[in-house]
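Spelled out from the first residue to the last, the chains are:
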Amino acid sequence: MGRLFGTDGVRGVANADLTAELALGLSVAAAHVLAEAGTFAGHRATAVVGRDPRASGEFLEAAVVAGLASAGVDVLRVGVLPTPAVAYLTGALGADLGVMLSASHNAMPDNGIKFFARGGHKLADELEDRIESVYEDHRTGAPWDRPTGSGVGRVSDYTEGFDKYVAHLMGVLPNRLDGLKVVLDEAHGAAAFVSPEAFTRAGAEIVTIGAEPDGLNINDGCGSTHLGLLKQAVVEHGADLGIAHDGDADRCLAVDANGAEIDGDQILAVLALAMREAGHLREDTVVGTVMSNLGFKLAMEAEGIQVVQTGVGDRYVLESMKEHGYALGGEQSGHVIILDHATTGDGTLTGLMLAARIAATGKSLAELAGVMSRLPQVLINVPDVDKSRVTTSAELAAAVADAERELGSTGRVLLRPSGTEPLVRVMVEAADIEQARSVAGRLADAVKSALG
């Protein structure tokens, strides 16, 4: 059996790859691994279970709840809430584990299962491996102690979760948003009701799009992966900014008053300066990934802020932040982690903080985001190559060295093997887009020649 857990939980086509049987079995295994200091040490363990609005989430939630309760875990169902809300409630309620059913920005036929440990933290690889091992043992017939009678878990609906999470967001907001007009694109997803409520309580005038989830329309032509409707709405309504989430609302991208996209790097730059001004940017450091735009790094260095880069994936950003005590990190895709207030990327929190900076300074989003200039990026996927030799090929190393000399200090090269496919991604940044295209094309040819 191949590894079930990917970079962000277990995902697949619901009822094909991700079945009710798999969801139930993984939940039993997770109960034994994550709640072993709970029920299995003499007291009742508790789990928080939430989901996004996908139709398949209804039967998968039932399977997860059944698995947890059958293992003796009491379950608090919080219903449709964002991933960061489930993470927050897991910690705030002192639960032993949390479970979120979502495939994030993926299309509706997909779904996923994401587990959180105590405190609402994402799982380390070692814990995921242990869950998979226990799942496989149970699947192949290894017996496990099943509680009976009063030992089985009890299931209840925790309806206070919505208000408790919104109250948390209001409690960390540095200032109100009175006078701002904001368009919110909720991707017909998990934040369709939470985000409008939070922005309204904070004093903003709001316009909502993508806020009518029916179980089938999540991420369908809207949200953070499809910004066209948001750009149009911001301009049409004369709004100060637009905020876009993905299906589970752990991402935030923005649009300025002119309809221009503001990506995760630019949002990080704005928040980094705001947090430093408030004395909250520990060690004057922000964490990004190797895919962060070079313009972000150059802008932060010009402001005296250090940028630490990790591998691609918000889990690696979070690991670095937790290890070194940094307060802010994120990705170009809009995963922004404000560690003092959240244990994972939180799109609603990020949007609120971005809007709060506009309200506090009286500056437009375009002016604030102008602290950095995005360098043009060219990305080419080179298929059918031996990606394992990316770092060992002398021929390829020579081609990269030539490219880096040509680009100098105003550009960079990144070769990244795909995690799942036999291809290598060639990324080139340069101040001049034509130079970036030329260098990327030559490097793609070099990859084919060296690794094909």
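Up top is the structure.
Definitions and cut-offs
Residues numbered from 1 in each chain as written. Predicted model: local features only at pLDDT ≥ 70, side-chain atom pairs only at ≥ 80, totals over all residues. Heavy atoms only, no water. Helix = DSSP H or I, 4+ residues; strand = E, 2+ residues; numbered from the N terminus. Rg over C-alpha atoms; globule rule 2.2 N^0.38 Å. Contact = heavy atoms within 4.5 Å. Areas by Shrake-Rupley, 256 points an atom, 1.4 Å probe, with all protein chains shown as cover. Lys, Arg positive; Asp, Glu negative; His and termini not counted. Charge placed at Lys NZ, Arg CZ, Asp CG, Glu CD. Pairing = 2+ DSSP bridges. Right-handed = clockwise from strand over helix to strand, strands pointing away. Phe/Tyr/Trp six-rings, centres within 6.5 Å; stacked < 30°, edge-to-face > 60°. Buried < 20%, exposed > 50% of the residue type's maximum accessible area, 1.4 Å probe, protein only. Lys NZ or Arg CZ within 6 Å of the ring centre and 35° of its normal. Axes fitted to C-alpha atoms, helices over the stretch in contact; angles between N-to-C directions.

Chemist: Got a minute to help me understand the overall build of the chain in this structure?
Modeler: What the chain contains, in helices and strands, is 14 helices and 19 strands. Taking 452 residues into account, the globule formula puts the C-alpha radius of gyration at 22 Å, and the chain, at 23 Å, falls close to it. Seen along its three principal axes, the alpha-carbon backbone of the chain occupies a region of about 70 × 55 × 40 Å. The contacts of the chain with a sequence gap of at least 6 include a subset with a gap of at least 24, amounting to 71%. By element, 50% of the accessible surface of the chain is carried by carbon and sulfur atoms, the whole surface being about 17500 Å². Side chains of the chain carry 36 positive and 61 negative charges; the gap between the two charge centres is 2 Å.

Chemist: Could you clarify how one ought to interpret the pairing of strand S9 (residues 205–209) in this entry?
Modeler: Consecutive residues of a regular strand have side chains that alternate between opposite faces of the sheet. Pairing analysis gives five bridges linking strand S8 (residues 181–185) to S9, with the strands arranged parallel. Note that in S9 the partner of Asp185 across the bridge is Ile209. On the question of chirality, the crossover connecting S8 to the parallel S9 by way of helix H6 (residues 194–201) is right-handed.

Chemist: Looking at this model, I keep getting lost on the packing of aromatic side chains. Mind explaining?
Modeler: Any aromatic ring pair is given by two values, namely how distant the centres are and how the planes are angled relative to each other. Summed over the entire model, instances satisfying the criterion amount to two aromatic pairs. Where Phe5 meets Phe115, the ring centres are 6.3 Å apart and the plane angle is 50 degrees; that geometry is what we call tilted. Note that Phe5 is positioned in the segment before strand S1 (10–13) and Phe115 in strand S5 (residues 110–117), a separation of 110 residues in sequence. We note that Phe5, like Phe115, is buried. Taking 6.3 Å as the distance between ring centres and 50 degrees as the angle between the ring planes, the aromatic pair formed by Tyr88 and Tyr165 counts as tilted. Separated by 77 residues along the polypeptide, Tyr88 in helix H3 (residues 83–92) and Tyr165 in helix H5 (residues 161–172) bring together distant segments of the chain. Assessed through its relative accessible area of 24%, Tyr88 is described here as partly exposed. Across the ring face of Tyr316, the terminal group of Arg315 is positioned such that the distance to the ring centre comes to 5.8 Å.

Chemist: Just checking my understanding: could you explain the environment of Lys297 for this structure?
Modeler: Structurally, Lys297 is set in helix H9 (residues 294–302). For Lys297, a relative accessible area of 26% gives the class partly exposed. When the C-alpha atoms of Lys297 and Arg405 are compared, they prove to be 19 Å apart, with 108 residues separating the residues in sequence. Leave out the neighbours within four places in its chain, and Lys297 touches Val307 and Gln309.

Chemist: Sorry, what's going on with the sheet that holds strand S17 (residues 377–383) here?
Modeler: Across a sheet, strands are paired by hydrogen bonds formed along the backbone, either parallel or antiparallel in direction. Pairing is antiparallel across the open sheet formed by three strands, whose spatial order is S17-S19-S18. Unpaired on one side and paired on the other, S17 and strand S18 (411–417) mark the two borders of the sheet. In this sheet, neighbouring strand axes are inclined to one another by 15 degrees on average, regardless of whether the strands run parallel or antiparallel. Seen against the sheet, helix H13 (residues 394–407) touches S18 and strand S19 (423–430) and runs at an angle of roughly 155 degrees to S18.

Chemist: Even after reading the chapter, I still don't get the sheet that holds strand S10 (residues 241–244), so can you show me in this structure?
Modeler: What the five strands build is an open sheet, ordered S9-S8-S10-S11-S12; its pairing is mixed. The two strands at the open ends of the sheet, each matched to only one other strand, are S9 and strand S12 (261–262). Two elements, strand S11 (residues 253–256) and S12, share two bridges in a ladder whose sense is antiparallel. Residue pairing for S12: Val255 is matched across the bridge by Glu261.

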